[in-house]
Amino acid sequence: MSSVETNNELFVAADTAARAGDWGALWELRDRLKATGDWPGAYGIGCAIAGWHVDRPAGDALLDEVIDAGFHQPEFWVAELAESFATEPEWDARLARMRANVPPPRLTLTAWPDYPPTLDPVLDRLPPEREELLRDRLPELAASAWQSALSLVDWTTTRWVHANGHVDNRDAVE
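Bear in mind that the values here come from a model prediction, so they are computed numbers and not experimental data.

Conventions we followed
Numbering of residues begins from 1 in every chain and follows the order in which that chain's sequence is written. With the structure being a predicted model, the display of local features is reserved for residues of pLDDT at least 70 and the display and counting of side-chain atom pairs for 80 or more, all residues being used for whole-chain, interface and lining totals. The side-chain quantities take in all heavy atoms of the structure and omit both hydrogens and water. The numbering of helices and of strands both runs from the N terminus, where a helix is a DSSP run of H or I of at least 4 residues and a strand a run of E of at least 2. Put simply, the radius of gyration uses C-alpha atoms, and a globule should come to 2.2 Å times the residue count raised to 0.38. Accessible area is worked out with a 1.4 Å probe on protein chains only. A residue is then buried under 20% of its type maximum, exposed over 50%, and partly exposed in between. In this analysis, two residues are considered to be in contact whenever any of their non-hydrogen atoms come within 4.5 Å of each other. The Shrake-Rupley method, run with a 1.4 Å probe sphere, supplies the accessible areas, and residue values consider only the shown protein chains as cover. Asp and Glu count as negative and Lys and Arg as positive, but His and the ends of the chain are not part of the count. Working definition for charges: the position is that of NZ of Lys, CZ of Arg, CG of Asp or CD of Glu. What makes a salt bridge here is a side-chain nitrogen of Lys or Arg within 4 Å of a carboxyl oxygen of Asp or Glu, nothing more.

Novice: Got a minute to help me understand the overall build of the chain in this structure?
Specialist: Helices and strands together make up the secondary structure of the chain, namely 9 helices and 0 strands. Here the C-alpha radius of gyration of the chain, 23 Å, is well above what a compact globule of 174 residues would show, namely 16 Å. If one aligns the C-alpha atoms of the chain with their principal axes, the spans along those axes are about 60 × 35 × 35 Å. Residues classed as buried in the chain amount to 27% of the 174 residues present. Taking the intrachain contacts of the chain between residues at least 6 apart in sequence as the baseline, contacts between residues at least 24 apart amount to 59%. With an accessible surface of roughly 12,700 Å², the chain has 56% of that area assigned to carbon and sulfur atoms. Once the 15 positive and 30 negative side-chain charges of the chain are each reduced to a mean point, those two points are 1 Å apart.

Novice: Would you mind showing me how to read the pattern of salt bridges here?
Specialist: Two side chains that carry opposite charge are able to pair once their charged atoms sit near each other. Here the structure, examined in full by the defined rule, presents 10 salt bridges. Of the charged contacts, one joins Arg-97 and Asp-64 as a salt bridge, the two residues approaching to 3.1 Å between their closest N and O atoms. With Arg-97 in helix α7 (residues 91-100) and Asp-64 in helix α5 (residues 56-68), this pair connects stretches of sequence that are 33 residues apart. Of the charged contacts, one joins Arg-135 and Glu-131 as a salt bridge, the two residues approaching to 4.0 Å between their closest N and O atoms. Here the residue Arg-135 and the residue Glu-131 both occupy positions in helix α8 (residues 128-137), the gap between them amounting to 4 residues, near one helical turn. Residue classification places Arg-135 among the partly exposed positions, given a relative accessible area of 45%.

The structure is reproduced here in structure tokens:
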């Protein structure tokens, strides 16, 4: 059996344990998971949460190790972190350390090509009273930019049923 097959089986076992909240099973897999290339981002935080449930001091130490290794996406584990480490007095400091780990972008644009448009741009602008009607329909801002973005995507994708029909009326309120 190749290491890829072995890792796939290991990842399936870890994902199954995490989804089921079987923290003991996930905790037992931590050393094998740590040996893969998917630590700390994918499995380190899950194992730290498992440790909080199984062996709190070891889970605390593992969380610090995972943060020190660069973990920076607590939003993927919101519910699990809320019921474990987020209840601890050190949580705010740990969260700040996670946020400080966000890597810089891999690409820096140093120049942007300036091609002339092939068509004149058209801005669909509603009359002010129609803009106000549309603004009143927008979802409220959420506590975080991420939640606001999710709310706005949900709002825009549930406004109508797409049927490949052409719309002559370009009024967003309609």
